[in-house]
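# Structure at a glance
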Amino acid sequence: MTLLIWFAALALFAQLASIAFVIAVKLRHRKRESHPTPRPPVTLIRPICGLENNLERCLASSFKLDWPVYEILFCVARADDPAASLARRLMAEHPHIAARLLVGEDLFSANPKMNNVVKGWRSARHDWIVMTDSNVLMPSDTIDRMMTRWDSETGLVCSPPAGTEPENFGAHLESAWLDSFQARWQLFADATGFGFAQGKSMLFSRQLITHLGGFERLGEEVAEDAAATILIRSAGLKVRLVHEPFPQPLGKRDIAAVWKRQLRWARLRRASFPLYFLPEIFTGAALPMAAMITLAATGTLPLAAPFVYLAAWYAGELVLARAYSWPSGWRILPAMLIRDLLLPALFVTAWFGSGFEWRGNAMTVADNDNTRTARIRQAVARTRDKAREKARALVAARTH
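Residues numbered from 1 in each chain as written. Predicted model: local features only at pLDDT ≥ 70, side-chain atom pairs only at ≥ 80, totals over all residues. Heavy atoms only, no water.

### With respect to the packing of aromatic side chains
The cut-off we apply is this: The criterion for an aromatic pair is that two Phe, Tyr or Trp rings (for Trp, the six-membered ring) have centres within 6.5 Å, with stacked assigned to planes under 30 degrees apart, edge-to-face to planes over 60 apart and tilted to the rest. A run of H or I in DSSP counts as a helix once it spans at least four residues, and a run of E counts as a strand once it spans at least two, with each numbered from the N terminus. To sort residues, take the accessible area from a 1.4 Å probe on protein chains only and compare it with the maximum for the residue type: under 20% means buried, over 50% means exposed, and anything in between is partly exposed. Two thresholds decide whether a charge sits over a ring: the Lys NZ or Arg CZ must be within 6 Å of the ring centre and within 35 degrees of the ring normal.
Applying the stated rule across the entire model yields 15 aromatic pairs. Pairing F108 with F215 gives two aromatic rings, centres 6.1 Å apart and planes at 50°, and the pair type is tilted. Placement of the pair is F108 in the loop between β3 (98–103) and α4 (112–123) and F215 in the loop between α7 (206–211) and α8 (224–234), with a sequence separation of 107 residues. Each member of the pair, F108 together with F215, is buried. A ring pair is formed by F347 and W351, whose centres lie 6.2 Å apart and whose planes are at 65°; its orientation type is edge-to-face. On the criterion of helical spacing, the pair formed by F347 and W351 is a turn pair, its members being 4 residues apart in helix α13 (residues 332–351). Feature note: the residues F108, W121, F204 and F215 constitute an aromatic cluster, connected by ring pairs. Sitting over the face of the ring of Y324, K26 holds its NZ or CZ atom 5.3 Å from the ring centroid. Directly above the ring of F194 sits R233, whose terminal nitrogen or CZ lies 4.1 Å from the centroid.

### Overview of the packing of helix α9 (residues 255–272) against α13
For clarity, the threshold we go by: For helices, the fitted axis covers only the stretch in contact; all axes are lines through C-alpha atoms, and the angles between them, taken along N-to-C directions, range from 0 to 180 degrees. These descriptions rest on fixed angle ranges, namely under 35 degrees for roughly parallel, over 145 for roughly antiparallel, 65 to 115 for roughly perpendicular, and the rest for oblique. In this scheme, a crossing is called left-handed if the near helix is turned counterclockwise away from the far one by less than a right angle; it is called right-handed if the turn is clockwise. For this analysis, residues touch if any pair of their heavy atoms sits within 4.5 Å. Only Asp, Glu, Lys and Arg are considered charged in this grouping, and only Ala, Val, Leu, Ile, Met, Phe, Trp, Tyr, Cys and Pro are considered nonpolar; every other residue, Gly among them, is considered polar.
Axis separation between α9 and α13 bottoms out at 9 Å; the angle between their running directions is 55°. Classified by the interaxial angle, the pair formed by α9 and α13 is oblique. Crossing angle aside, the handedness with which α9 passes α13 is right-handed. Judged by residue contacts, W259, Q262, L263, A266, R267 and R270 of α9 engage L342, A345, L346, T349, A350 and W351 from α13. Residue classes in the contact of α9 with α13 are distributed as 8 nonpolar, 2 polar and 2 charged.

### Brief notes about empty space enclosed by the protein
Gaps left between atoms are located by rolling a probe of water-molecule size over the structure's atoms. Applied cut-off: Detection works on a 1 Å grid of protein atoms alone, calling trapped sets that fit a 1.4 Å probe cavities and calling open sets with protein on both sides within 12 Å along at least five of seven lines pockets, with lining residues defined by an atom within 4 Å of a point. Grid points are joined across faces, edges and corners, and a volume is the space filled by probe spheres set on the points.
Counting across every chain of the model gives 2 cavities of 30 Å³ or more. Estimates place the volume of the largest cavity at around 70 Å³. Around the largest cavity sit V22, V25, K26, L187, D190, A191, V242, H243 and Y324, which together line it. When contributions to the lining of the largest cavity are tallied by element, the ones reaching two or more residues are α1 (2–32) and α6 (169–191). Taken together, the residues of the lining of the largest cavity sort by class into 6 nonpolar, 1 polar and 2 charged. The calculated volume of the second largest cavity comes to roughly 40 Å³. Residue lining of the second largest cavity: S175, A176, D179, S180, A321, W326, P327, I332 and M336, and that is the complete set. Only α6 and α13 provide two or more residues apiece to the lining of the second largest cavity.

Structure (structure tokens):
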């Protein structure tokens, strides 16, 4: 019983201490951050694929950024994709912003998104490149906030999504997962010097990525954010996060789709970072609450102890959500509880099975057993080797 008491106490301490730490970091940096100087030209790459919630609003935000010089490259795999028509209309409505629509894909990885955006990377006019998913709403100071985080030890700046504007319970569940749970732990990891990328919004230096072997190296993992994290860390550099994540307006969400999305991300984390994935079984309130209920049922603690414990646990999350202006109304509380009850099942399911679906594409994290992916990996290796040879030749030419 003593072990259960210690486990529940340590879990609650980790919950509340991580929340307090993240809020303190946010308040400290809000006072210290200043506008980056200089403000170099930037290429914004936005992959698009089909119509989704708030798509027009999110893509339109691309044209309203407070940055002196930037271009927008919309990347789509098929010319008949309905999102392409929307992009064309938005470009016509904002002729004062340099923007292009690039159509087609170059099959070099197992990741359809990377196969779509590689043409944007190659067509970019500027050396600073921001890649932002189509369902992210870009605040006017997006580039400002990303550039502010860049320093001499940085190799990549990114932002996890903050789920906002939920309109049904499924969206509240996704918000509870994205915000006070995932974004909180990502911000905590960043503040402790161990940040990792998330592919929703990423700022790259093209010169740096070229030096590290080229854009194609982001296709060496099924998830580009995992590949980017591995690549940047292997170079002795850090992945930084913006201090306030960019919003992803959710609208309505299907609960089954929320589960599938979380399962996809969990399997990708398990495949790319298995040692870091293992401790996830101890996150959330499910296991500590089971310990508290056991202690109360055996008379070790009062019957009211589990309810007091639960109140303290979620009070911390509500304070965090309000500090970041994330959804924090009464509907978020049952969503947080359901999320935590699902976390153990998510962890177990992520270990058994490798398949998932992304925007209609059947994919797997067990790529070595997939003939198509094995062929892609060989193509990636050839492309990487050629990039390295070109980089060596360039260095040799400069030394002479």
